[in-house]
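Residue-level structure breakdown
The primary structure of each chain is shown beneath.
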Protein chains: 2
Amino acid sequence: MRINKELSKGSNALMVLSVIARQDMYGYQIVRTIENASEDVFVLNEGTLYPILHTLEQNGLLDAYWCEVDGRRRKYYRITEKGRKELARRRAEWDEFSGAVSKVLGSAELAEG
Amino acid sequence: MRINKELSKGSNALMVLSVIARQDMYGYQIVRTIENASEDVFVLNEGTLYPILHTLEQNGLLDAYWCEVDGRRRKYYRITEKGRKELARRRAEWDEFSGAVSKVLGSAELAEG
DNA sequence: CACTATACATCGATTGTCAAGGTATGAAGT
DNA sequence: ACTTCATACCTTGACAATCGATGTATAGTG
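Residues numbered from 1 in each chain as written. Chains lettered and ligands numbered in written order. Predicted model: local features only at pLDDT ≥ 70, side-chain atom pairs only at ≥ 80, totals over all residues. Heavy atoms only, no water.

Below, the discussion takes up the protein's contact with DNA strand C. Inspection of the region around DNA strand C gives 27 residues, with A:Tyr28, A:Glu46, A:Arg74, B:Asn12 and B:Thr48 positioned closest. Those atoms of DNA strand C that come within 4 Å of the protein belong to sugar or phosphate at a rate of 71%. Within the side chain of A:Arg74, a nitrogen or oxygen atom sits 2.6 Å from a phosphate oxygen of DNA strand C. Class assignment of the residues belonging to the surface near DNA strand C gives a composition of five nonpolar, 10 polar and 12 charged. (Near = heavy atom within 4 Å. Polar contact = N/O pair within 3.5 Å; in protein donor to acceptor, adjacent residues only side chain to side chain. Nonpolar A, V, L, I, M, F, W, Y, C, P; charged D, E, K, R; others polar.)

Shown next as structure tokens:
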């Protein structure tokens, strides 16, 4: 199913931070990782990804370093300690958010049936 | 917890449609209903709610009718058949979306631990 | 020689939401 | 009488996340 883009606003940065927490990654790899993990639901646009990475870096949640492999330059990102704390906070926020939506949808469903 | 507003983008219309599907409601009542059902996580701003209602009505997902009770005018909204179909579609979309986010976050968590 | 994949990046437009403001009635407190 | 709060509708300008398009560059494939 094609997901309404508006839904994923605000959760993309969380997913990016989350996959980088697992291991250092570069941009293109992040897109493929999220694409695979979500089973093709999320395929991040470059105009979405790079601003997210730059903002996370500017906020001190990520570090960046360059590597050259087979004539291709890659910018790897590493999560910081501050980033891990923020990730934990945003995960909790996501849980609360998705749980609250389920409550609203669920309460309506009960009354319908 | 205070939820990041960006997260709820795109899900507000779904929640509004969902509670109206249960019973006809007017604006102020919709805000209170979602507020209660979500346990104070979602308190819709009027600048958020009314544009949503007007758009849903324009798209034929809702009908509106006026009532006067105790000198207060209320604009009630009723879901249409088209609206019920669209609600089912958006519910499925929400399930797919939230499930996909969980997969991305969950796969990262496995590798961390 | 064109096309695809990899790999970085920026820019203008779109969209949902917010904060603030506007109009009005009824009830409660001072 | 006056203020404040709750109810009840609405609009407007600004903001922030995302998108689509575009740009640069290298490597491999047809």
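Bringing the interface of chain A and chain B into the picture now. Quoted interface sizes are often the accessible area lost when the parts come together. Taken together, the 43 residues of chain A in the interface contact 43 residues of chain B. Carbon and sulfur atoms supply 68% of the area buried between chain A and chain B, which totals about 4000 Å² over both sides. For the pair chain A and chain B, the interface holds two salt bridges. Seen at the junction of chain A and chain B, the total is six residue pairs in polar contact (both at pLDDT 80 or more). (Contact = heavy atoms within 4.5 Å. Buried area = accessible area lost by both parts, 1.4 Å probe. Salt bridge = Lys/Arg side-chain N within 4 Å of Asp/Glu carboxyl O.)

Below, the discussion takes up unusual backbone geometry. The phi torsion at A:Asp70 lies on the positive side, around 55°, for a residue other than glycine. For A:Asp70, the location among the structural elements is in the loop between strand E2 (62–69) and strand E3 (72–79). Accessibility expressed as a relative area gives 72% for A:Asp70, which makes it exposed. Even without being a glycine, B:Asp40 presents a positive backbone phi close to 70°. Among the secondary structure elements, B:Asp40 is positioned in the loop between helix H3 (27–37) and helix H4 (46–58). Judged by its relative accessible area of 53%, B:Asp40 falls in the exposed class. (Helix = DSSP H or I, 4+ residues; strand = E, 2+ residues; numbered from the N terminus. Buried < 20%, exposed > 50% of the residue type's maximum accessible area, 1.4 Å probe, protein only.)

So, about the sheet that holds strand E3 (residues 72–79) of chain B. Two pairing modes exist for strands in a sheet, parallel and antiparallel, and in both the strands are linked by backbone hydrogen bonds. Residue and element names in this part refer to chain B. Strands sit in the order E1-E3-E2 across an open sheet of three strands; the sheet is antiparallel. The two strands at the open ends of the sheet, each matched to only one other strand, are strand E1 (25–26) and strand E2 (62–69). In this structure, E1 lies alongside E3, joined through two bridges in antiparallel fashion. Across the sheet, the residue bridging to Tyr26 is Tyr76, located in E3. Strands E1, E2 and E3 of the sheet are contacted by helix H2 (residues 12–22), whose axis makes an angle of about 95° with E3. (Pairing = 2+ DSSP bridges. Axes fitted to C-alpha atoms, helices over the stretch in contact; angles between N-to-C directions.)

Overlaying chain A on chain B yields an RMSD of 0.0 Å, the required transformation being a rotation through 180° with an accompanying axial translation of 0.0 Å. Expressed as an axis order, the relation between the two copies is that of a two-fold axis. An overlap of 100% is found between the interface residues of chain A and their copies at the interface of chain B, pointing to a shared contact surface. (Least-squares fit on C-alpha atoms with pLDDT ≥ 70 in both.)

A few words now on the protein's contact with DNA strand D. Contacts to DNA strand D come from 26 residues, most closely from A:Thr48, B:Tyr26, B:Tyr28, B:Glu46 and B:Arg74. Taking the atoms of DNA strand D that fall within 4 Å of the protein, sugar and phosphate contribute 73% of them. Take A:Asn12: an N or O atom from its side chain is 2.9 Å from a phosphate oxygen of DNA strand D. B:Tyr50 is positioned with one of its side-chain polar atoms (N or O) 3.1 Å from a phosphate oxygen of DNA strand D. Breaking the surface near DNA strand D down by element, the ones donating at least two residues are helix H1 (5–8) and helix H4 (46–58) of chain A together with H3, H4 and E3 of chain B.

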